[in-house]
Amino acid sequence: MAQKSTSRQPRRGLLLIGALGVAVVVAVALIVASQLSAGDEETADDRAAAVSAAAPDGAPAASAPAASTDGAGTQPGTASDAVASPDTTTGAGATTAASTLPHVEEVQTMLAGIPQQGTILGDPNAPVTIIEFADLRCPACRSWETGELQTLLDGAIKPGKARLDLQIISILGPDSDRAAAGAWAAEAQNRLWPFAMLWYYNQGNESDEYATDDYQRAIAVGAGLDVARFDADRADQATAAKAAKALDDARSVGFGGTPTFIVTGPGGAVPFLEGVPTAETLVEAVDQVSTAAGGS
Amino acid sequence: MRLRVVSIAAAAVATAIGLYMTWLRHEGDIAPCVAGGGGCAKVSDSQYAEIFGLPVSALGAIGGAVVLLCAFSDASRLRAVGAAVAVGGAAFSLYLTFLELFVIDAICQWCVASAVCWCTLGAVEALRFWRLGGGGGAAAQVGAG
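A. Geometry of the overall build of chain A. Across its full length, chain A carries 13 helices and six strands. Expressed as a percentage of the 296 residues in chain A, the buried residues total 51%.

So this is what it looks like as structure tokens:
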């Protein structure tokens, strides 16, 4: 009996050491793999650094795309118009040479051929409107715009079933106020969508205050904005009033955070006030409210 | 017996959280922070949320399931495996919590809950393994008696 007990001791010790060794190996392997994997990916700080590198030097007007100062920027257009007619401000294509900002081509491709006017992306006469409340500094909004938007564009916006109304609000402090002012200044030139998408693709770290003049001008150049006018509009009280009204609208519908979506059409309204829907869910909601008898 | 119950409960919760977060990721949904804030979205959007394409939450679900299965067993080897995975998982959870606090600058409530479960599992499984004996524990002693 005693012999049996003692013979267990070495085995017990070995198992203990073995288990501890395996635990250490498992933990170290996971940590090393995590670090190696993360090292391959772009971080928010990397993105912010890339925007800084692309920021125009000197007077902002000098860095603006050549043909964007004659008021034509207030006319609606599409990204594909721009490629065809580089002498209008409606074209992000004209900005390719002017901007070294990452993701410009990606955003051009995403928005190509889709009408843009003010806050609206898509056919202005589409029967259904998808209202989106978003903050440019919100990481969840970035996830949605860079991960889900393409599916929504393909499923509802490009076919003309719905139009997307982007209401940029500020809920994340003073830096968000500056970001929202930039967005609404871009909206005044019918460039909200490329501006917002470029912002999201190049979004900085939420804990940093990165929405500086240089950062915003770099995004503005990438989005094909008249930068001098953009700077003037950002400082305009009317621009701040638009951002404030959007926030009031968001509050009046009881939004629970960003991004928030509301799908409205002849068949009623489907609000997504809590949680974030997938693009597929929004397409289903569009189909649901697109006819008078179909909504809730 | 009490330790086993604690271990099974913690492993079940850790597995459930891992499965839920993996499912959200698969569906393209963003993890909701129950008490508000955008910490969960920021953490799940960070470059540390995946290891070479495999969601960290999936690793948590797999590890939790392994510990859960091992917790039901009295076999010494399975107990050793359970203890090793639990202690390794606890260490990795602490590393992830460090990343949240000092690198990502955001706290995800689901990750914190998972880390609490894993640290509990690490401590309990190590204690079980130590107290009951790596070589068969009570069963071995009964046999020896």
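B. View of the side chain of Glu100(B). Structurally, the position occupied by Glu100(B) is in helix H4 (residues 76-104). Setting aside residues up to four positions removed in sequence, Glu100(B) forms contacts with Val43(B), Asp105(B), Ala106(B), Ile107(B), Cys108(B) and Cys111(B).

C. Broad picture of the pairing of strand E4 (residues 162-168) of chain A. Residue and element names in this part refer to chain A. Buried residues dominate E4, accounting for six of its seven residues. Two strands pair when backbone bridges link them, and strand E3 (residues 128-134) and E4 are joined in this way by seven bridges, in the parallel orientation. Within E4, the position partnered with Thr129 by the bridge is Arg163.

D. Focus on the side chain of Ser57(B). Residues and elements named next belong to chain B. Secondary-structure assignment places Ser57 in helix H3 (residues 56-71). Ser57 sits in the buried class, given a relative accessible area of 17%. Within the structure, the side chain of Ser57 is placed 3.0 Å from the side chain of Thr22, a separation counted as a polar contact. When neighbours within four sequence positions are excluded, Ser57 is seen to be in contact with Gly18, Met21 and Thr22.

E. Inspection of the packing of aromatic side chains at higher detail. All names here are of chain A. What the rule picks out here adds up to nine aromatic pairs over all chains. Between the aromatic rings of Phe195 and Trp199, the centroid separation amounts to 5.8 Å while the plane-to-plane angle is 50°, which identifies the pairing as tilted. Of this pair, Phe195 and Trp199 are both found in helix H9 (residues 192-201), four residues apart, which corresponds to roughly one turn of the helix. For the residue pair Phe195 and Trp199, the accessibility class agrees, reading buried in each case. A ring pair is formed by Tyr210 and Tyr215, whose centres lie 5.0 Å apart and whose planes are at 65°; its orientation type is edge-to-face. This pair shows no difference in class: Tyr210 is buried, exactly as Tyr215 is. Put simply, the rings of Phe195, Trp199, Tyr210, Tyr215 and Phe230 pair up and form one aromatic cluster.

F. Spotlight on the nonpolar core. Core analysis: the largest hydrophobic core is formed by 73 residues, its most contacted members being Ile130(A), Leu136(A), Leu152(A), Ile168(A), Phe195(A), Trp199(A) and Val263(A). Not counting residues up to four positions away in its chain, the partners in contact with Ile130(A) are Leu152(A), Ile157(A), Ala162(A), Arg163(A), Leu164(A), Asp165(A), Phe261(A), Ile262(A), Val263(A) and Val286(A). Core analysis: the next-biggest nonpolar cluster, separate from the first, contains 18 residues, Leu30(A), Ile17(B), Leu96(B) and Ala106(B) among them.

G. The arrangement of helix H13 (residues 279-289) of chain A in detail. Residue and element names in this part refer to chain A. Here H13 has its buried residues at Ala279, Leu282, Val283, Ala285, Val286 and Val289. Along the axis of H13, the buried residues cluster in a sector spanning 160°; they form a single face. The inward-facing, buried residues of H13 abut E3, helix H6 (139-147), helix H7 (149-157), E4, strand E5 (260-265) and strand E6 (268-272).

H. Structural view of the environment of Ala27(A). Secondary-structure assignment places Ala27(A) in helix H1 (residues 2-39). The contacts of Ala27(A), once residues within four sequence positions are left out, are Gly88(B), Ala91(B) and Phe92(B).

Cut-offs applied
Residues numbered from 1 in each chain as written. Chains lettered and ligands numbered in written order. Predicted model: local features only at pLDDT ≥ 70, side-chain atom pairs only at ≥ 80, totals over all residues. Heavy atoms only, no water. Helix = DSSP H or I, 4+ residues; strand = E, 2+ residues; numbered from the N terminus. Buried < 20%, exposed > 50% of the residue type's maximum accessible area, 1.4 Å probe, protein only. Contact = heavy atoms within 4.5 Å. Pairing = 2+ DSSP bridges. Polar contact = N/O pair within 3.5 Å; in protein donor to acceptor, adjacent residues only side chain to side chain. Phe/Tyr/Trp six-rings, centres within 6.5 Å; stacked < 30°, edge-to-face > 60°. Core = buried A, V, L, I, M, F, W, Y, C linked by side-chain atoms within 4.5 Å. Arc of directions from axis to C-beta.

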